[in-house]
Amino acid sequence: MPEALLARGRTVVIAAEGRIVPDRERRDGVGELCGGAAWLARRASESVVLTLTGTDDVWPVERTLPRWSARNRPAVTVRARRFLVAPDVKGAALTAAISATMSELIECA
């Protein structure tokens, strides 16, 4: 779906939590989202929530460079879901809905 949006000239935004979040700080698999996620979602005609899992195996938090091995490459999984914003959901409730959607996608891994 993100490829189709790009092909139609739409914008795809990947908004990380704003910093590298250690695993112990990822409640429900997702770090705390800032209000910018809701701000972007409210202004977009349509949004896609993306999650990437397995990235810690490729680039561990404590390392300055990614880990690379041609024989034992870690798998990174990308999942996407269309996210429709209800007109009455705003602010913290919208941020929570985005985070919940990300958690659901991570649980599918």
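Because the structure is a prediction, the values reported are computed rather than measured. (Residues numbered from 1 in each chain as written. Predicted model: local features only at pLDDT ≥ 70, side-chain atom pairs only at ≥ 80, totals over all residues. Heavy atoms only, no water.)

Caption draft 1: The arrangement of a nonpolar patch on the surface in detail. A contiguous nonpolar surface patch, about 250 Å² in accessible area, is contributed by Leu52, Val76 and Val78. When you line up the elements, Val78 lands in strand β2 (residues 77-83). (Patch = residues over 30% accessible without salt bridge, like charges linked within 9 Å, V, L, I, M, F, W, Y side chains within 5 Å. Areas by Shrake-Rupley, 256 points an atom, 1.4 Å probe, with all protein chains shown as cover. Salt bridge = Lys/Arg side-chain N within 4 Å of Asp/Glu carboxyl O. Helix = DSSP H or I, 4+ residues; strand = E, 2+ residues; numbered from the N terminus.)

Caption draft 2: Broad picture of the side chain of Thr101. Position of Thr101 among the secondary structure elements: in helix α4 (residues 91-107). Look past the residues within four positions of Thr101 in its chain and what remains in contact with it is Val49, Arg81 and Phe83. (Contact = heavy atoms within 4.5 Å.)

Caption draft 3: The arrangement of α4 in detail. The terminal C-alpha atoms of α4 lie 25 Å apart, and with 17 residues this matches the ideal 24 Å at 1.5 Å per residue to within 8%. Those residues of α4 lying buried are Leu94, Thr95, Ile98, Ser99, Thr101, Met102, Ser103 and Leu105. Contact partners of the buried residues in α4: α2 (36-43), β1 (47-53) and β2. (Expected span 1.5 Å × (residues − 1). Buried < 20%, exposed > 50% of the residue type's maximum accessible area, 1.4 Å probe, protein only.)

Caption draft 4: Representation of the environment of Leu94 in the model. Residue position: Leu94 is located in helix α4. Taking the C-alpha atoms as reference points, Leu94 and Ala38, 56 residues apart in sequence, are found 5.6 Å from one another. Once you skip the residues sitting within four places of it in the chain, Leu94 turns out to touch Ala38, Ala41, Arg42, Phe83, Val85 and Val89.

Caption draft 5: Region of interest: the pattern of salt bridges. Counted by the stated rule, this structure contains 2 salt bridges. Residue Arg26 is joined to Asp56 by a salt bridge in which the shortest nitrogen-to-oxygen separation is 2.6 Å. A residue pair is termed long-range when its members are at least 10 positions apart, and Arg26 in the loop between α1 (2-7) and α2 and Asp56 in helix α3 (residues 55-58) qualify at 30 residues. The class of Asp56 is partly exposed, set by a relative accessible area of 29%.

Caption draft 6: Expanded view of the nonpolar core. If you look at the biggest cluster of nonpolar residues, it comprises 11 residues: Val30, Leu33, Ala37, Ala38, Ala41, Val49, Phe83, Leu94, Ile98, Met102 and Leu105. Put simply, the parts of the chain that give this core at least two residues each are α2 and α4. Once residues within four sequence positions are removed from consideration, Met102 is found in contact with Val30, Leu33, Val49, Leu50 and Thr51. (Core = buried A, V, L, I, M, F, W, Y, C linked by side-chain atoms within 4.5 Å.)

Caption draft 7: How the structure looks around the side chain of Ser99. Tracing the backbone shows Ser99 in helix α4. In this structure, Ser99 is in contact with Arg27, Val30 and Leu33, ignoring residues within four places of it in sequence.

By themselves, these observations are geometric and do not establish any function.
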